[in-house]
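So the chains spell out like this:
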Amino acid sequence: MTEATKFYFVGNKLGIDFANTKIAVNGKQIELLEQFSDLAAWALSAGLISAEEADESLGNWKESGQSILGHALNFRAVIHEMIVGLASGASVDDEALDSINDQLKLNNGNTEIVRSETGFEKVHRADYRDPEQILTAVAESVADLLAYGDLSLIRKCENPECVLYFYDTTKNHKRRWCSMAACGNRAKAR
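What you are looking at is a predicted structure, and each value in this text was computed from that prediction instead of being measured. (Residues numbered from 1 in each chain as written. Predicted model: local features only at pLDDT ≥ 70, side-chain atom pairs only at ≥ 80, totals over all residues. Heavy atoms only, no water.)

Here the protein chain averages 89 in pLDDT, while 95% of its residues score no lower than 70. Helix 1 (residues 14-19) holds the highest mean pLDDT among the elements of the protein chain, 98, whereas helix 7 (residues 180-189) holds the lowest, 70. (pLDDT = per-residue confidence, 0-100. Helix = DSSP H or I, 4+ residues; strand = E, 2+ residues; numbered from the N terminus.)

Relative to the helices and strands, Val84 resides in helix 4 (residues 62-87). Overall, Val84 belongs to the partly exposed group, its relative accessible area being 31%. (Buried < 20%, exposed > 50% of the residue type's maximum accessible area, 1.4 Å probe, protein only.)

Let's shift gears to the packing of aromatic side chains. Tallying each qualifying case throughout the model produces 2 aromatic pairs. The interplanar angle of 25 degrees and the centroid separation of 6.0 Å between the aromatic rings of Phe9 and Trp42 together place this pair among those described as stacked. Taken together, the positions of Phe9 in the segment before helix 1 and Trp42 in helix 2 (residues 36-45) put the pair 33 residues apart, joining distant regions of the chain. Of the residues examined, Trp42 reaches a relative accessible area of 0% and is grouped as buried. Measuring from centroid to centroid gives 5.0 Å for Phe18 and Trp42, while their planes differ by 65 degrees, and the two rings are edge-to-face. Placement of the pair is Phe18 in helix 1 and Trp42 in helix 2, with a sequence separation of 24 residues. Trp42 shares its class with Phe18; the two are buried. Taken together through their ring pairs, the aromatic side chains of Phe9, Phe18 and Trp42 make up a single cluster. Here the guanidinium or amino end of Lys13 rests over the ring plane of Tyr167, the centre of that ring lying 4.7 Å away. (Phe/Tyr/Trp six-rings, centres within 6.5 Å; stacked < 30°, edge-to-face > 60°. Lys NZ or Arg CZ within 6 Å of the ring centre and 35° of its normal.)

Below, the discussion takes up the nonpolar core. Membership of the largest hydrophobic core comes to 46 residues, with the highest contact counts inside it found for Phe18, Trp42, Leu48, Ile79 and Ile83. At the level of secondary structure, the elements contributing two or more residues to this core comprise helix 1, helix 2, helix 4, helix 5 (94-104), helix 6 (132-148) and strand 6 (165-167). Take this core: its biggest share by element is 9 residues, from helix 4. (Core = buried A, V, L, I, M, F, W, Y, C linked by side-chain atoms within 4.5 Å.)

This next bit is on the pattern of salt bridges. Inspection of the entire model under this criterion finds 6 salt bridges. Asp168 is the salt-bridge partner of Arg155, the closest N and O atoms lying 2.6 Å from each other. Taken together, the residues Arg155 in strand 5 (residues 154-156) and Asp168 in the loop between strand 6 and helix 7 connect sequence positions 13 residues apart. Of the charged contacts, one joins Glu158 and Arg176 as a salt bridge, the two residues approaching to 2.9 Å between their closest N and O atoms. Taken together, the residues span a long stretch of sequence, with Glu158 in the loop between strand 5 and strand 6 and Arg176 in the loop between strand 6 and helix 7 at a distance of 18 residues. On the basis of relative accessible area, Glu158 is assigned to the partly exposed category, the value being 44%. (Salt bridge = Lys/Arg side-chain N within 4 Å of Asp/Glu carboxyl O.)

What follows is the structure, given as structure tokens:
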């Protein structure tokens, strides 16, 4: 299993965090999803699958893993382009919607009602024995963002060298950095 801590979860939305799996370090593009095990590690880090499910995915999908990774990278490119456009005020094109809808059609989970501390909760249970479901969870997140989110709150980190995006959930909607620990502190130090 690839080290899970190399991923950035600063986007406040799963779909944005998935788009943030290609980063820049010192002006050089860095691909965090180089092999199928990286996709499984990202899903583990995102809380989509357990360590056992990640190991099972790696074992069961060796032959199709590269194909699934290729599909994931193409899907990420569509989502990233959409997020970049939304952050600059553009609308979502039909190609992006078609790609999201195509992925949503592959959903093979079920919805359950479970007891919670305050009563009941509706929970979707995806079948992650099929690694394609990782992308379906991402598509669900993007669909929820488009349908229920305030698209004006999608922002790029203000550090010109940073390529990360986020959904600003701060009270006053004035967040500027992907994280204060990284780009925010660097800006203050300057």
